[in-house]
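# Working through the structure, step by step
Below are the chains, spelled out letter by letter.
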Amino acid sequence: MTAGKARPAVVPEPAGAAPDRQPPDLRLAGLAMGTWLSALAGLLLSARTALAVAALAALGVLAIAHRLVRARQPGWRWPGPVARSRPPGPLDRHGWVVATVLLGVVCGSVATGARLAVRDAAPLAELVEARARVTVELVVSDDPRAVGAAAGRPSTYLVATRLRWLEGPDRVRIEAPVRVLVLAGDPGWRHLLPGQRVGAVGRLAVPRGGDLTAAVLTAGMPPVPIGRPSWAQRAAGSLRAGLQRACAPLPREPGGLLPGLVVGDTSRLDPAVEDDFLATGMTHLTAVSGSNVAIVLGLVLLLARWARAGPWLAAALCGVALVGFVILARPSPSVVRAGTMGAIGLIALATGRPRAAVPALGGAVTVLVVVDPELAGDAGFALSVLATAGLLLLAPRWRDGLRRRGVPAGVAEALAVPAAAQLACAPVVAGLSGTISLVAVPANLLAVPAVAPATVLGVTAAALSPLWPTGAEAVAWLGGWAAWWLVLVARYGARLPAGTLPWLDGVAGGLLLGVLTVALLVAARRPLVRRLVAVIALGVVVGALPVRLVATGWPPPGWLVAVCAVGQGDAVVLPVGAGQAVVVDAGPEPAAVDRCLRRLGVRSVPLLVVSHFHVDHVGGLDGVFRGRRVGAVLTPQWPEPGEGRAAVERVAAANAVPVVAIGAGWTRAVGPLALTLLGPTYPIHGTRSDPNNNSVVLRAQVRGTVVLLTGDAESEEQRALLDRFPSHLLRADVLKVAHHGSAYQEPAFLDTVAPAVALVPVGAGNGYGHPNPGVLARLTRSGARVLRTDLDGDLAVLTGGKGLAVAVRGLDPVEAGR
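So, here is what we can say about the structure in this document. The structure presented is a predicted model; accordingly, all values stated were derived computationally and were not measured. Sequence order as written defines the numbering, with residues in each chain counted from 1. With pLDDT at 70 or above as the cut-off, local features in this predicted model cover only qualifying residues; side-chain atom pairs require 80 or more to be listed or tallied, and sums for whole chains, interfaces and linings still use all residues. Each side-chain value is derived from all of the structure's non-hydrogen atoms; neither hydrogens nor water enter the calculation.

A few words on the environment of P177. Note on conventions: DSSP H or I runs of at least 4 residues are helices, E runs of at least 2 residues are strands, and numbering of each starts at the N terminus. On the secondary structure map, P177 appears in the loop between β4 (173–174) and β5 (179–184). P177 gets classed as exposed once you look at its relative accessible area, which sits at 65%. C-alpha separation for the pair P177 and L138, spaced 39 residues apart in sequence, amounts to 9.8 Å. Between two residues, a contact is recorded if the distance between any of their heavy atoms is within 4.5 Å. In this structure P177 touches V118 and L163, once residues within four positions along its chain are discounted. Here the term buried applies to any residue with accessible area under 20% of the maximum for its type, exposed to any over 50%, and partly exposed to those in between, with areas from a 1.4 Å probe on protein chains only.

Glancing now at the packing of aromatic side chains. Two aromatic rings, drawn from Phe, Tyr or Trp (for Trp, its six-membered ring), form a pair once their centres lie within 6.5 Å of each other, and the interplanar angle then sorts them: stacked below 30 degrees, edge-to-face above 60, tilted otherwise. Under the counting rule described, the total for this entry stands at one aromatic pair. Pairing W477 with W481 gives two aromatic rings, centres 5.9 Å apart and planes at 90°, and the pair type is edge-to-face. With W477 and W481 both in helix α16 (residues 469–494), this residue pair falls four residues apart, about one helical turn. By relative accessible area, which is 49% here, W477 ends up partly exposed. On the basis of relative accessible area, W481 is assigned to the exposed category, the value being 53%. Here, over-ring charges are defined by two tests on the NZ atom of lysine or the CZ atom of arginine: distance to the ring centre within 6 Å, and angle to the ring normal within 35 degrees. For the cation-ring pair, R173 lies above W165, with the distance from its terminal atom to the ring centre recorded as 4.2 Å. It is R724 that lies over the ring of F725; its NZ or CZ is 4.9 Å from the centre.

Put simply, buried Ala, Val, Leu, Ile, Met, Phe, Trp, Tyr and Cys residues joined by side-chain atoms within 4.5 Å make one nonpolar core. Core analysis: the biggest nonpolar cluster contains 46 residues, and L257, L258, L261, F277, M282 and L486 have the highest contact counts within it. Those elements giving two or more residues to this core turn out to be α5 (231–247), α6 (252–263), α7 (271–279), α8 (290–306), α9 (311–328), α15 (440–464) and α16. Among the elements that line this core, the one with the most residues is α16, at nine residues. When neighbours within four sequence positions are excluded, L486 is seen to be in contact with L257, L261, F277, M282, A447, A450 and V451. In terms of nonpolar packing, the next biggest core, distinct from the first, is built from 33 residues, W559, A562, V583 and L608 among them.

This brings us to the side chain of D690. By secondary structure assignment, the location of D690 is in helix α23 (residues 690–693). Only four residue types enter the charge count, namely Lys and Arg as positive and Asp and Glu as negative; His and the chain termini do not. The salt bridge criterion pairs a side-chain nitrogen of Lys or Arg with a carboxyl oxygen of Asp or Glu, the two atoms within 4 Å. For the buried residue D690, which engages in no salt bridge, the nearest side chain bearing the opposite charge is R688, 9.5 Å off. What qualifies as a polar contact is a pair of N or O atoms within 3.5 Å, subject to a donor-acceptor requirement within protein and to the restriction that residues adjacent in sequence count only when both atoms come from side chains. Of the polar contacts made by the side chain of D690, one reaches the backbone nitrogen of G686; its length is 3.2 Å. Ignoring sequence-local partners within four residues, the contact set of D690 consists of W638, I684 and H685.

It is worth spelling out the pattern of salt bridges at this point. Going through the model one piece at a time under the given rule, you end up with 20 salt bridges. Put simply, R173 and E175 hold a salt bridge, and the shortest N to O gap is 3.7 Å. With relative accessibility at 45%, the residue R173 sits in the partly exposed group. When the shortest N-O distance is used, the salt bridge between R719 and E746 registers 3.0 Å.

Time to look at the sheet that holds strand β17 (residues 667–670). Within a beta sheet, neighbouring strands are joined by backbone hydrogen bonds and run either parallel or antiparallel to one another. Pairs of strands are assigned from DSSP output, requiring at least two bridges between the strands. Spatial ordering of the open sheet is given by β17-β18-β19-β20-β21-β22-β23, a layout of seven strands whose pairing is mixed. Each end of this open sheet is capped by a strand with a single partner; those strands are β17 and β23 (785–788). Taking each pair of neighbouring strands and ignoring which way they run, the sheet shows an average axis angle of 20°. Relative to strand β21 (residues 734–736), strand β20 (residues 705–709) is paired through three bridges, and the arrangement is parallel. Pairing of V707 across the sheet is with V734, part of β21. As a rule, the C-alpha atoms of each element are fitted with a line to give its axis, helices using only the stretch in contact, and angles between N-to-C directions run from 0 to 180 degrees.

The analysis is restricted to geometry; functional conclusions fall outside its scope.
What follows is the structure, encoded as structure tokens:
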């Protein structure tokens, strides 16, 4: 093959052909990195500082250009793969690289500084500082997100908007194109479409910083729509609603996943499936990303190749498909970003030069960050860019290497693409989660055969839904099988023992893994290093896997009781058989208690006991029911707070489980476990917290060990227990300390219980001062071993060779942030 005859992009390379050894065209990479990093830094600085950085960078560009011209170097064009009449000097080789990076710094700093100046303008900033009550007109920027939904706790809706005008006290009117984040409890905000203009009344608050949000608006009333959304948003809403209707007859898990795969609509996605996808590194599949775009464009490109269309016609057809997909998925910022990443491939196709995709990526990053500097700090943007870079820079080489070793073309492509994308994204994922997933690449490889059919069939169902609803349901049924395969891959991948390794979180962890990854990629260019890395990795897997499978470490053998790290809340587990346990309280949110029960291998819950109806004990009730059979829900007779009781009844009714209120004298034996209700001995009124002081207090006895579970009982109920029962009935080997170790404890009660082990379920950094140091000191002085979930993660008490022993699991990064 001669240098002047480039091989057409549509013709696959023969298996034995030598790959193209031309280096990637990185001339715009420096510009993109300079823009990106300077914008990211600018978000954490003031407008004045960002503009000062831009000025210094501009002086640097001018100085380098001046020196290049004076040195009579061919400096007014970027160095490319062209012949030179004489060897280039150091200035020629590196000067324009530095200048390009500095030019990116100028672009990123100026764009960010200008936005910061508008954000921090005096009139609006003064109203925000004063927390003024205002009337506003806003434009919705993205889909509203529901957060904090749990049993006993209504959803709060986060709505990203752009301010049109604001009217404050004294009829002061401000018009500024700034971002405002709306926190709303009214469900009227839930169904707003991007582009919709609304009026609202609320109170301003100071944002957390680190982005371009100028204010937070707390709105207690529903929005007032003004006009209609654009035709594109209305069309998207109709198609998305049609897809949801087509998926409604499907089982809950695949039916909720399919819209997420196709258009990023996760409103019906089962939380357990979402957790499994996160644990296995497949969460990118539930958000609109470049992979969705690539699948749709790949189908169009395949049809164009079959019709023998030329590169430009194929690119035009893909462009039409790209616009249609963006409309279907709603043209929000994240979707436009994904479309931009997908359009990079079109540039390479249209020009017949795959190398053109890399500078196109650099140009796209630069333009996107300049237009919206907040993208520089967006994890989704980083994942999109890194995944695209991995596909462009790593996947082709890995694919060609596999083909040279006799791997079939399709298999080589299927192996190289997810591995390259996963490796490129690993630093960001590690920085966000504090873990490195060991199952991510295998799970994504197993997912490959199902992702494309699910996406294509889902898009087809959405397109058919307005015209032929029955046909759309049939197509969605076919897509549901592919979605079900993905659910199974995520479910069993998440249950593998030691599927993740702990890592530094935050920026430091991401940068460290990024540096190690780059160093490994550079070193692995040598065959000896590649063989050494392969041998070491194989040795680690072969040596460690049997240990991880046989001794998973959790739950410890012989455990009697476990306390889950669910944040600021309670969830206690008492085993009664293989895969069976009695659960007392469910914590504040479903995902945490569900993860804890999975770690303990609990598949059936004969009894679910609610100590009282506060949200930190019943908010996670849905998580106990996820994939488990629950025999009955037991509650206290005290009915308050009413919203918590109603939530418990609602969840139980949805799962066809009876709710029974228990009182004095109640006892129950479940396998080896004997339960006796000690409190409340009588209804207690007029205390600081009547629901707390009417908590169910249980005495649990298993294999000769007594565990006392006190709910949130405070000093009044504890004194009532002392008055009612002899001391030997209150004495216990293990005490679940009441009310997260608060100061409202009766000293005589703690002395009477005299536990050997005291377990304190409490959330890190809570604002209540829990646990109280004096309470912990009293327990320690009495000889108790005190353990806390905020420091040690999940806790367990077990029978040891010489009596009781304790085990701690340690904190996961998610738990550490609670």
